[in-house]
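Understanding the architecture of this molecule
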Amino acid sequence: MTTHDAGTTPAVAVLGGGVMGGTLVAGLLQGGWPADRVTVVDRDPARVAALAAEHGVATAAASADAAAHADVVLVAVKPDVVPTVLADVAPVLRPDALVVSVAAGVPLRVYEAALPAGTPVVRVMPNTPALVGKGASAIAAGSAAGDPHLALVERVLAATGLVVRVAEKDLDAVTAISGSGPAYVFYVIDALAEAGVLLGLTRDLATRLAVATVEGSAAMVAGTGEHPAVLRERVSSPGGTTVAGVAALDAHGVRAGLVAAARAAADRSRELAGPAAG
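Moving on: the sheet that holds strand 7 (residues 135-141). Strand order in the open sheet made by the 8 strands is 3-2-1-4-5-6-7-8, with mixed pairing throughout. Unpaired on one side and paired on the other, strand 3 (58-59) and strand 8 (161-165) mark the two borders of the sheet. The pairing of strand 6 (residues 121-125) with strand 7 spans 4 bridges and is classified as antiparallel. Looking across to strand 7, one finds that valine 122 is bridged to alanine 141. Helix 1 (residues 19-30) rests against strand 1 (12-15), strand 2 (38-41) and strand 4 (72-75) of the sheet, and its axis sits at about 160° to strand 1.

Given below as structure tokens:
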């Protein structure tokens, strides 16, 4: 990988200005990336104009125009559009350009087959809390990507939340836990809030209490480093209200249901990716 001149921030092209593309643009700028080193392109001119107006980034008319001058090319389009985008940018990529994919379910082998031989590719599995800087992203390196490339991707994603390195074979499991996981947590928050309403609280109050409880509980696990089971036992007095509640959760198979949900999501992720990558 080419080392850039000291003080020079790599130029980034963001191909796709949708939710994740916009999140990446915001994350780059929050992480200190100069706006004039970021170029955005999207099939919807209004979306590009909105991002440029909000963030002051540069824009391009086509993916090839943006990629031709970029050190890092972020592919943030829908999975079915990826082959078209790769065909457009392959002829113009700089020899040392790094390609980063946030397109769900598209394996590294698809990129490596479509791009010039030796192009470093890193695949990212982000999640929606990245929108508020509390995301959890896993990154996997292609055959030509090394530690410097992964470090650069970590730098790009730094403002979006947690970033971890995994092998591509583990991305289906990551999808099941952190990719789809926010939906499970939203489900729990909604259920807690609904319970509060049934017990006589207003919906607004019940929702605020449920959100704060989930947020605070997660912060305790992160802050103390203790196992969630230990923290659970600490608030479960013998014969008390919490023990009764947890027993009801077990009786209704909530733990088994969450495990089954993750397995179903992982299975579906593998199906969407097609034949396993080598």
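Next up on the list: the packing of helix 7 (residues 171-179) against helix 12 (residues 254-273). Direction vectors running N to C along helix 7 and helix 12 enclose 135°, while the axes themselves pass 8 Å from each other. On the basis of the axis angle, helix 7 is oblique to helix 12. Seen along the crossing, helix 7 lies across helix 12 with a hand that is right-handed. Side by side, helix 7 and helix 12 meet where Asp172, Thr175, Ala176 and Ile177 of the first sit next to Ala262, Ala265, Ala266, Ser269 and Arg270 of the second. When grouped by side-chain class, the residues that make up the contact of helix 7 with helix 12 number 5 nonpolar, 2 polar and 2 charged.

Okay, the confidence of the model for the chain next. Of all residues in the chain, 96% have pLDDT values of 70 or greater, and the mean over the chain is 93. Across the chain, the element-wise mean pLDDT spans from 91 in helix 1 up to 98 in strand 5 (residues 98-101). pLDDT under 50 marks residues 1-7. Its contacts with residues more than four places away, or in other chains, come to 7 contacts.

Per the counting criterion, the structure on display carries 0 aromatic pairs. Over the ring of tryptophan 33 we find arginine 155, and its NZ or CZ is 4.6 Å from the ring centre.

The next subject is a nonpolar patch on the surface. Together, Val19, Leu131 and Val132 make up a nonpolar patch on the protein surface, roughly 320 Å² of accessible area in all. With respect to the element layout, leucine 131 can be found in the loop between strand 6 and strand 7.

Here helix 7 crosses helix 8 (residues 181-198) at 25°, and the two axes come no closer than 5 Å. Taken together, the axis directions place helix 7 and helix 8 in an arrangement best described as roughly parallel. Between helix 7 and helix 8, the residues in contact are Ala176, Ile177, Ser178 and Gly179 and Gly181, Pro182 and Tyr184, respectively. In terms of residue class, the contact of helix 7 with helix 8 is built from 4 nonpolar, 3 polar and no charged.

Before going further, it helps to spend a moment on helix 4 (residues 82-89). Inspection of helix 4 places Val82, Val85, Leu86 and Val89 among the buried residues, and these make up the whole buried set. Buried residues along helix 4 cover an arc of 100° about the axis, so they all sit on one side.

Let us look at the environment of serine 101. With respect to the helices, strands and loops of the structure, serine 101 is situated in strand 5. Since its relative accessible area comes to 0%, serine 101 is described here as buried. Placed 28 residues apart in sequence, serine 101 and valine 73 show a C-alpha to C-alpha distance of 8.4 Å. Other than its neighbours up to four places away in sequence, serine 101 contacts Val75, Tyr111, Val122, Arg123 and Val124. Here alanine 103 takes part through its backbone nitrogen, which lies 3.2 Å from a polar atom of the side chain of serine 101.

The rules behind the values
Residues numbered from 1 in each chain as written. Predicted model: local features only at pLDDT ≥ 70, side-chain atom pairs only at ≥ 80, totals over all residues. Heavy atoms only, no water. Pairing = 2+ DSSP bridges. Helix = DSSP H or I, 4+ residues; strand = E, 2+ residues; numbered from the N terminus. Contact = heavy atoms within 4.5 Å. Axes fitted to C-alpha atoms, helices over the stretch in contact; angles between N-to-C directions. Parallel < 35°, antiparallel > 145°, perpendicular 65-115°, else oblique. Left-handed = near helix turned anticlockwise from the far one by under 90°. Nonpolar A, V, L, I, M, F, W, Y, C, P; charged D, E, K, R; others polar. pLDDT = per-residue confidence, 0-100. Phe/Tyr/Trp six-rings, centres within 6.5 Å; stacked < 30°, edge-to-face > 60°. Lys NZ or Arg CZ within 6 Å of the ring centre and 35° of its normal. Patch = residues over 30% accessible without salt bridge, like charges linked within 9 Å, V, L, I, M, F, W, Y side chains within 5 Å. Areas by Shrake-Rupley, 256 points an atom, 1.4 Å probe, with all protein chains shown as cover. Salt bridge = Lys/Arg side-chain N within 4 Å of Asp/Glu carboxyl O. Buried < 20%, exposed > 50% of the residue type's maximum accessible area, 1.4 Å probe, protein only. Arc of directions from axis to C-beta. Polar contact = N/O pair within 3.5 Å; in protein donor to acceptor, adjacent residues only side chain to side chain.

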